[in-house]
Amino acid sequence: MASAILGCVPRVQPLSSPSKQNKITSCFASTASQGVSKSCCCGAEIGGGGGLKPIVVIGDPPTFVSAPGRRIVAVGDLHGDLTKARYALQMARVLSSDGRDLWIGGQTVLVQVGDILDRGEDEIAILSLLKSLDIQAKAIGGAVFQVNGNHETMNVEGDFRYVDSGGFDECDHFLEFLEICENNWEKAFLGWAGESIRWKENRRLQQNHWSPWNLVKRQRGVIARSILLRPGGSLASELAQHSVVIKINDWIFCHGGLLPHHVEYGIERMNREVSRWMKGDSSRSEIPFIATRGYDSVVWSRLYSRDAFDLEDDKQYIQVQSVLKETLKAAGGSAMVVGHTPQATGVNCAFRCSIWRIDVGMSRGVLDSSPEVLEIRDGFARPIRNKR
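Here is what the cut-offs are and how they apply
Residues numbered from 1 in each chain as written. Predicted model: local features only at pLDDT ≥ 70, side-chain atom pairs only at ≥ 80, totals over all residues. Heavy atoms only, no water. Buried < 20%, exposed > 50% of the residue type's maximum accessible area, 1.4 Å probe, protein only. Helix = DSSP H or I, 4+ residues; strand = E, 2+ residues; numbered from the N terminus. Phe/Tyr/Trp six-rings, centres within 6.5 Å; stacked < 30°, edge-to-face > 60°. Lys NZ or Arg CZ within 6 Å of the ring centre and 35° of its normal. Pairing = 2+ DSSP bridges. Contact = heavy atoms within 4.5 Å. Axes fitted to C-alpha atoms, helices over the stretch in contact; angles between N-to-C directions. Parallel < 35°, antiparallel > 145°, perpendicular 65-115°, else oblique. Nonpolar A, V, L, I, M, F, W, Y, C, P; charged D, E, K, R; others polar. Left-handed = near helix turned anticlockwise from the far one by under 90°.

By the naming in an unreviewed UniProt entry, the chain goes by Calcineurin-like phosphoesterase domain-containing protein and is assigned to Genlisea aurea.

Take helix H3 (residues 150-157) next. Within H3, 7 of the 8 residues are buried, leaving the element largely enclosed by the surrounding structure. The complete set of buried residues in H3 reads Asn 150, His 151, Glu 152, Thr 153, Met 154, Asn 155 and Val 156. In the stretch just after H3, Gly 158 is the one whose phi turns positive, near 95°.

Let's shift gears to the packing of aromatic side chains. The description of two aromatic rings rests on the distance between their centres and on the angle between their planes. Applying the stated criterion to the full structure yields 7 aromatic pairs. Taken together, a centroid distance of 5.9 Å and an interplanar angle of 40° make the contact between Trp 192 and Trp 199 tilted. The pair Trp 192 / Trp 199 is uniform in exposure class, with both members buried. Among the aromatic residues, those joined into a ring-pair cluster are Phe 174, Phe 177, Trp 185, Phe 189, Trp 192 and Trp 199. One residue, Arg 225, lies across the ring of Phe 168, its end atom 5.9 Å from the ring centre. Across from the ring centre of Tyr 265, 3.8 Å away, lies the NZ or CZ of Arg 269, which sits over that ring.

Next up on the list: the sheet that holds strand S5 (residues 64-66). Judged by pairing direction, the sheet is mixed, and its 8 strands sit side by side in the order S3-S4-S5-S9-S10-S11-S13-S12 without closing on themselves. The two strands at the open ends of the sheet, each matched to only one other strand, are strand S3 (45-46) and strand S12 (348-350). Note: strand S10 (residues 251-254) against strand S11 (residues 335-338), 3 bridges, orientation parallel. Looking at S11, one finds that Trp 251 is bridged to Ala 335. Running at roughly 110° to S11, helix H11 (residues 314-331) makes contact with strand S9 (245-248), S10, S11 and strand S13 (355-357) of the sheet.

This part is about the packing of helix H2 (residues 123-138) against helix H4 (residues 165-180). Relative to each other, H2 and H4 sit at 60°, their axes nearing to 8 Å. One element, H2, and the other, H4, form an angle in the oblique class. On H4, the residues that touch Glu 123, Ile 124 and Ala 125 of H2 are Gly 167, Glu 170, Cys 171 and Phe 174. Counted by class, the contact of H2 with H4 contains 4 nonpolar, 1 polar and 2 charged residues.

Now for the packing of helix H1 (residues 82-91) against H2. Where H1 contacts H2, the two axes come as close as 9 Å, and the packing angle between them is 25°. Taken together, the axes of H1 and H2 are roughly parallel relative to one another. Judged by the sense of rotation from one axis to the other, the crossing of H1 with H2 is right-handed. Only Ala 125, Ile 126, Leu 129, Leu 130 and Leu 133 of H2 make contact with H1, whose side of the interface consists of Leu 82, Ala 85, Arg 86 and Leu 89. Classifying every residue of the contact of H1 with H2 gives 8 nonpolar, no polar and 1 charged.

What follows is the structure in structure tokens.
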């Protein structure tokens, strides 16, 4: 199964099915190295095999996940850097290194904690890659989950302050590719991770910074991004399938940080409201403030990501630790994993390792640091770093 898709042939052709009660119903296509074999597995479970029980997903978008015996890998902020994203996934041993973009993680569960958008030129390509890996993983009892970060919600709001010029261009060219694919979203979206490689080569060859056409191109890019990411837009609707908070076994994953008042409000309720807003649901058009706006919202909070020496005194440190303990107890979790705040020291933990901070600023648009990921096995976590 080749990764460099030329034209609009997808890696896999996913099937669709209605949701069943409050559980995610997934029909997915299994992929083989030669061609594509279709199989539908409708229900709330993702196949087990290998002696492991099936993964059970509750909520739409996914909120609570039971993944017995699975290895869990968490990846931090990617910010439009496809090269670093691929490297991080290869370090995590879930992505093949042969350029074919194959899932090699077996029954591993991969979690990406948001901020794929902004600061880079490969945003849609990364989303495309993760969607393809999710379909492949589900076929053999693994899974890929994503949570939305503040840069996802900002873009759906129409806030493009941090968009790289290449990001606008990617949106413009993706819409052209969508037309080539006769507006078949699944084909175009799944094929873009490979197609974008050829597009970037053509872009480099044709680039002329002194041409007045560049201004027109920028305007086209802004319009294209607005079409894709406005509430109800195709890409916003894709993001709407992701949570702002997800609990896998007894580990909580979110972008900024979960606080007691979020749990009291309802994790599944927040996920559902953000999803409806992104889908452009006319009955819920206002922006869900508690999850997406304000310094103490789920996607913006930095309470748990501050270094110990940033806290004014021991009393403040104890207060933050107390808030974290209260949150975990209320949510029934043992630990939390967050991104959002780049960690100069790499992946690290605090408060007796009840919080793990995994944003290492790997994107060229942030710190351009070496990728690192977090691995969780049998409840124990450890960073995976570049040995060099």
